[in-house]
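Observations on the model geometry
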Amino acid sequence: MLDVLVIGGGITGVGVAQAAVAAGYSVALWERGALASGTSSHSSKLIHGGLRYLESGQLTLVRRCLHARRQLLQLAPELVKAVPFYIPLYQDSQRGLLTLSAGLSLYGLLSQGDPLGKFTRVNLASSEQHHLLQQQGLRHMLQYWDAQTDDKALTMAVAASAQQLGAEIQQYRQVTDIYHGARVCQVRYRDSDGTLGERRVKMIINATGPWASELLANVTPKQMPAAMTWVQGSHLLLDIESPVGIYYLESRLDERVFFVMPWKNKTLIGTTEVALATMPDKPQITCEEYDYLLDNYHHYFTQYSRAELASLVIGNFCGVRALPAQAGSAFSRARETLFVQQANSPRLVSVYGGKLTEFMPIAQDVLAMIRAQLGERHAIADINTRAIVPVADDYFAADNAQPHMAL
Ligand SMILES: Cc1cc2nc3c(=O)[nH]c(=O)nc-3n(C[C@H](O)[C@H](O)[C@H](O)COP(=O)(O)OP(=O)(O)OC[C@H]3O[C@@H](n4cnc5c(N)ncnc54)[C@H](O)[C@@H]3O)c2cc1C
């Protein structure tokens, strides 16, 4: 009987599959669409500690993510690249020079000696690089470091690593029902060609991201889902040459931060934060989000009129995150990961939230829960030193659908 079934092929699921198979468990991962077709290809694509999370006091999360950033820069140098971030400060900015310098000093400290922890003040008088940025009222600019990735490519690379270690990766397979007992779980599925099937497994990891509660509605005996809310975030891709780095900008319409980023030689702007009452199958950008992003971009980059800007939009995408239900704006709410494992069903673990950046530490947390249930196994690889290498877009097409020989 299979040891671990991971449901969901986003970054969380593939990270857990990689960690579990490397630790010696037999593992399968089932994804109802293509790998990374959910939130994990619709993020801001940052591998970062999250400077803005310092404002809401999430120091543990920031430290953990900065550690993960360092690890990913080493393990996946072709997929994760350091990028300079620029914070322009205007005479009417909400955040002042002192506050931001203090925040960046703390960010450096939390990166624990990482050379990327340094920040500098840009000499605006001698810098030509930022001439497209609104100059009126510009007082200072700070530059610090974080990293950027291709979220879909990273997810596929980790899935390929799991598969090369022996995990079975199955796309276009949707889990429809779960029956869980103290030692054995039975899982029913439907493939995209209509085939129905079932399988007995020892442990299930529900890594369906924002759909985690939806899956729990099909579990017997019933499990209480965690109290979560859904927050949608959208991005626009503009047919404008890439900026020199990532601009960290204050929205003029509220106090949020948004980014203007290089993406495949174009300019990517995002994100928004819109609370959703229910979780859609395919999240879509709204007209309000579209205007919010273009209005904010136009405030800082005035070389095109607002009407011209609209004609330069060549793409958009939208993702949803699950956040613990709490008071306060989505912007200031905790980004910590939540693991739900009930006493009457210890072999079914649901993972809520979590950031793309911290998929490796999240996988280690889940692995500890797997070990507690199934006992220790003989590890076959050390993922803390195993390179994460990009794979071709069609890597998981037909021929690669079955597990490779364990390396
Ligand atoms: C707008 C936005 C921007 C973000 N930016 C960043 C960022 O810059 N940096 C960062 O670190 N984090 C970022 N995050 C957070 C990060 O992107 C997500 O937390 C992460 O991608 C979630 O991954 P996941 O695997 O948990 O979920 P998903 O990627 O959504 O994967 C869940 C998968 O489960 C599958 N599934 C659902 N139901 C079933 C079923 N019944 N059977 C089989 N499969 C099923 C879905 O098809 C989906 O592919 C951002 C989040 C959002 C919303």
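One structure accompanies this document, and this report is about it. These numbers come from a predicted model, not from an experiment.

Structural notes on the overall build of the protein chain
When helices and strands are counted, the protein chain shows 8 helices and 19 strands. Taking 2.2 N^0.38 as the reference for a compact globule, 407 residues should give roughly 22 Å; the C-alpha atoms of the protein chain span a radius of gyration of 22 Å, in line with that estimate. Viewed in the frame of its principal axes, the protein chain has a C-alpha envelope of about 65 × 45 × 45 Å. With 407 residues in all, the protein chain has 56% of them scored as buried. On the protein chain, roughly 17200 Å² of surface is accessible, and the fraction owed to carbon and sulfur atoms is 53%. Here the protein chain carries 35 positive and 36 negative side-chain charges, and the mean point of each set is 6 Å from the other.

Describing helix H4 (residues 151-164)
Between its first and last C-alpha atoms H4 spans 20 Å; for 14 residues at 1.5 Å apiece the expected length is 20 Å, and the two agree. Across the 14 residues that make up H4, a large majority, 11, are buried. Those residues of H4 that sit buried are Asp151, Leu154, Thr155, Met156, Ala157, Val158, Ala159, Ala160, Ser161, Ala162 and Gln163. In this fold, the buried residues of H4 make contact with helix H1 (11-22), strand E3 (46-47), strand E4 (80-90), strand E6 (138-149), strand E7 (168-170) and helix H8 (359-374). One side-chain oxygen of the residue at the start of H4 lies 3.2 Å from the amide nitrogen of Lys152, identifying that residue as Asp150.

Here's the deal with the packing of aromatic side chains
Going through the model one piece at a time under the given rule, you end up with 12 aromatic pairs. With 6.3 Å between their ring centres and 80 degrees between their planes, Tyr144 and Tyr248 make a pair best called edge-to-face. Here Tyr144, found in strand E6, pairs with Tyr248, found in strand E13 (residues 246-250); they are 104 residues apart in sequence, far enough to count as distant. When sorted by exposure, Tyr144 lands in the same class as Tyr248, which is buried. Judged by centre distance (5.5 Å) and plane angle (65 degrees), the ring pair of Tyr247 and Phe301 falls under edge-to-face. Taken together, the positions of Tyr247 in strand E13 and Phe301 in the loop between helix H6 (287-300) and helix H7 (306-311) put the pair 54 residues apart, joining distant regions of the chain. Residue classification places Tyr247 among the buried residues on the basis of a relative accessible area of 3%. Taken together, the aromatic side chains of Phe85, Tyr107, Tyr144, Tyr248 and Phe259 make up a single cluster linked through ring pairs.

Brief notes about the side chain of Asp146
By secondary structure assignment, the location of Asp146 is in strand E6. Of the polar contacts made by the side chain of Asp146, one reaches the side chain of Arg69; its length is 2.7 Å. Filtering out sequence-adjacent residues up to four positions away, Asp146 remains in contact with Ile47, His48, Gly49, Leu66, Arg69, Lys81, Ala82, Val83, Phe85 and Tyr107.

Concerning the site of the ligand
Neighbouring the ligand are 37 residues; Glu31, Ser40, Leu46, Gly354 and Thr357 lie closest to it. Here an oxygen atom of the ligand and a side-chain polar atom of Glu31 are 2.7 Å apart. At 2.7 Å, a backbone N or O of Leu46 approaches a nitrogen atom of the ligand. Compared with its free state, where it exposes 1000 Å², the ligand has 96% of that area covered by protein. Sorting the residues of the shell around the ligand by element identifies H1, strand E8 (173-180) and strand E17 (313-324) as the ones contributing at least two each.

Considering the pattern of salt bridges
A complete count under the given rule lists 22 salt bridges for this structure. Of the charged contacts in the structure, one is a salt bridge between Asp3 and Arg377, with a shortest N-O distance of 2.6 Å. Residue Asp3 is found in strand E1 (residues 2-7), and its partner Arg377 is found in the segment after H8; the two are separated by 374 residues along the sequence. The exposure class of Asp3 is buried, given its relative accessible area of 4%. Of the charged contacts, one joins Glu250 and Arg252 as a salt bridge, the two residues approaching to 3.9 Å between their closest N and O atoms.

The rules behind these values
- Residues numbered from 1 in each chain as written.
- Predicted model: local features only at pLDDT ≥ 70, side-chain atom pairs only at ≥ 80, totals over all residues.
- Heavy atoms only, no water.
- Helix = DSSP H or I, 4+ residues; strand = E, 2+ residues; numbered from the N terminus.
- Rg over C-alpha atoms; globule rule 2.2 N^0.38 Å.
- Buried < 20%, exposed > 50% of the residue type's maximum accessible area, 1.4 Å probe, protein only.
- Areas by Shrake-Rupley, 256 points an atom, 1.4 Å probe, with all protein chains shown as cover.
- Lys, Arg positive; Asp, Glu negative; His and termini not counted.
- Charge placed at Lys NZ, Arg CZ, Asp CG, Glu CD.
- Expected span 1.5 Å × (residues − 1).
- Contact = heavy atoms within 4.5 Å.
- Polar contact = N/O pair within 3.5 Å; in protein donor to acceptor, adjacent residues only side chain to side chain.
- Phe/Tyr/Trp six-rings, centres within 6.5 Å; stacked < 30°, edge-to-face > 60°.
- Near = heavy atom within 4 Å.
- Salt bridge = Lys/Arg side-chain N within 4 Å of Asp/Glu carboxyl O.

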